[in-house]
Amino acid sequence: MVVRSDQATRRHGGGGRSVTDPAAGVVHRLAERGETLATVESLTGGSLAASIVEIAGVSGIFRGGLVVYATELKARLAGVPEGLLDDRGPVDPDVAVALAEGGRQRCVADWGLATTGVAGPEPQDGKPVGMVFVAVAGPNGTAVRELDLDGGRDRIRSTAVDEALRLLTEQIIAAGEAAASAPR
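Here's a quick rundown of the structure. Predicted, not measured: the structure shown is a model, and the values here were computed from it. (Residues numbered from 1 in each chain as written. Predicted model: local features only at pLDDT ≥ 70, side-chain atom pairs only at ≥ 80, totals over all residues. Heavy atoms only, no water.)

### Side note on the pattern of salt bridges
It is possible for side chains bearing opposite charge to pair when their charged atoms get close.
Link 1 in the chain: By the definition in use, this model includes 6 salt bridges.
Link 2 in the chain: The partner of Arg88 in a salt bridge is Asp94, with the nearest N and O atoms 2.1 Å apart.
Link 3 in the chain: We note a salt bridge from Asp150 to Arg155, for which the minimum N-O separation is 3.8 Å.
Link 4 in the chain: Its relative accessible area of 48% is what places Asp150 among the partly exposed residues.
Link 5 in the chain: Arg155 gets classed as partly exposed once you look at its relative accessible area, which sits at 34%. (Salt bridge = Lys/Arg side-chain N within 4 Å of Asp/Glu carboxyl O. Buried < 20%, exposed > 50% of the residue type's maximum accessible area, 1.4 Å probe, protein only.)

### Observations regarding the nonpolar core
Link 1 in the chain: Counting residues in each nonpolar core, the largest one holds 32 residues, and the members touching the most others are Leu37, Ile52, Trp111, Leu113, Val132, Leu165 and Leu168.
Link 2 in the chain: The set of elements that each furnish at least two residues to this core consists of helix 1 (22–33), helix 2 (47–53), strand 4 (111–117), strand 5 (131–138), strand 6 (141–148) and helix 6 (153–181).
Link 3 in the chain: In terms of residue count, helix 6 provides more of this core than any other element does, 9 residues in total.
Link 4 in the chain: Val40, Val95, Val97 and Val144 belong to the second largest nonpolar core, which has 22 residues in total. (Core = buried A, V, L, I, M, F, W, Y, C linked by side-chain atoms within 4.5 Å. Helix = DSSP H or I, 4+ residues; strand = E, 2+ residues; numbered from the N terminus.)

### Some words on helix 1
Link 1 in the chain: Helix length check: helix 1, at 12 residues, gives a terminal C-alpha distance of 17 Å against a target of 16 Å (1.5 Å per residue), a fit within 8%.
Link 2 in the chain: The set of residues buried in helix 1 consists of Pro22, Ala23, Ala24, Gly25, Val26, Val27 and Leu30.
Link 3 in the chain: Turning to helix 1, the residues buried within the fold contact strand 2 (37–41), helix 2, strand 4 and helix 6.
Link 4 in the chain: If you check the start of helix 1, you find a side-chain oxygen 2.8 Å away from the backbone N of Ala23, and it comes from Asp21. (Expected span 1.5 Å × (residues − 1). Contact = heavy atoms within 4.5 Å. Polar contact = N/O pair within 3.5 Å; in protein donor to acceptor, adjacent residues only side chain to side chain.)

### What about the environment of Ala49?
Link 1 in the chain: With respect to the helices and strands, the residue Ala49 is situated in helix 2.
Link 2 in the chain: Looking at Ala49, the relative accessible area reads 17%, which means it is buried.
Link 3 in the chain: For the pair formed by Ala49 and Ala38, sequence separation is 11 residues and the distance between their alpha carbons is 8.4 Å.
Link 4 in the chain: Each residue touching Ala49, except ones within four places of it in the same chain, is listed here: Thr39, Glu41 and Phe62.

### Remarks on the packing of helix 1 against helix 6
Link 1 in the chain: Viewed as axis vectors pointing N to C, helix 1 and helix 6 meet at an angle of 30°, and their least axial separation amounts to 9 Å. What the angle tells us is that helix 1 and helix 6 run roughly parallel. In the packing of helix 1 onto helix 6, the handedness of the crossing is left-handed. Between helix 1 and helix 6, the contacting residues are Pro22, Ala23, Val26, Arg29, Leu30 and Arg33 on the first element and Asp162, Leu165, Arg166, Leu168, Thr169, Ile172, Ile173, Ala175 and Gly176 on the second.
Link 2 in the chain: Partitioning the contact of helix 1 with helix 6 into residue classes produces 9 nonpolar, 2 polar and 4 charged. (Axes fitted to C-alpha atoms, helices over the stretch in contact; angles between N-to-C directions. Parallel < 35°, antiparallel > 145°, perpendicular 65-115°, else oblique. Left-handed = near helix turned anticlockwise from the far one by under 90°. Nonpolar A, V, L, I, M, F, W, Y, C, P; charged D, E, K, R; others polar.)

### Thoughts on the environment of Asp110
Link 1 in the chain: With respect to the element layout, Asp110 can be found in the loop between helix 5 (93–106) and strand 4.
Link 2 in the chain: For the pair formed by Asp110 and Gly34, sequence separation is 76 residues and the distance between their alpha carbons is 9.4 Å.
Link 3 in the chain: If we skip the residues at most four places from it in the chain, Asp110 touches Gly34, Glu35, Thr36, Arg104, Ala137, Gly138 and Pro139.
Link 4 in the chain: Side-chain polar atoms of Asp110 contact the backbone nitrogen of Thr36, separated by 2.7 Å.

### Brief notes about unusual backbone geometry
What is expected of a backbone is that most residues other than glycine have negative phi and most peptide bonds are trans.
Link 1 in the chain: Omega for the peptide link from Gly120 to Pro121 comes to 20°, which places this bond in the cis form.
Link 2 in the chain: Position of Pro121 among the secondary structure elements: in the loop between strand 4 and strand 5.
Link 3 in the chain: Unlike most non-glycine residues, Val108 shows phi in positive territory, near 50°.
Link 4 in the chain: Here Val108 lies in the loop between helix 5 and strand 4.

### Re the side chain of Arg145
Link 1 in the chain: By the element assignment, Arg145 lies in strand 6.
Link 2 in the chain: A polar atom in the side chain of Arg145 sits 2.5 Å from the side chain of Glu170.

Written as structure tokens, this is what we have:
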């Protein structure tokens, strides 16, 4: 399922990371659950992992990440099927899910979080600037969200980081709710 979202930038101001910061929330929730995370990034080029490792205590939950900017590395390092990349290109919801699943498997993590998209300044393979997919793979399955972002390259990339973390937060909360309501 692809959830579409038109998002404006919601970056925090100032130099510090607040308690409401999406990365801090993810680290806190995963630490409480005793679960781990891996990232696979194309569009964001490592800034997703960087936002996570800024949080104190992250070493208990963050397994590592892959930056697979080149299309062939998405297949070679993250395990995205070459046929999928050939048929649809790197900016696709199923590619985003495959990146998240590949990161989860290759880094032996409970959760995988991925980004892919077009930050500009020009369209890529017929995909418009601002088309972004963020995806999560976790213990209860996968989720992907399509974002239609505007603004310049920096704004698109930073918003993609925030939205990936928000999607992961939603999935962690849903997994917790599912576990709490499961028969014992």
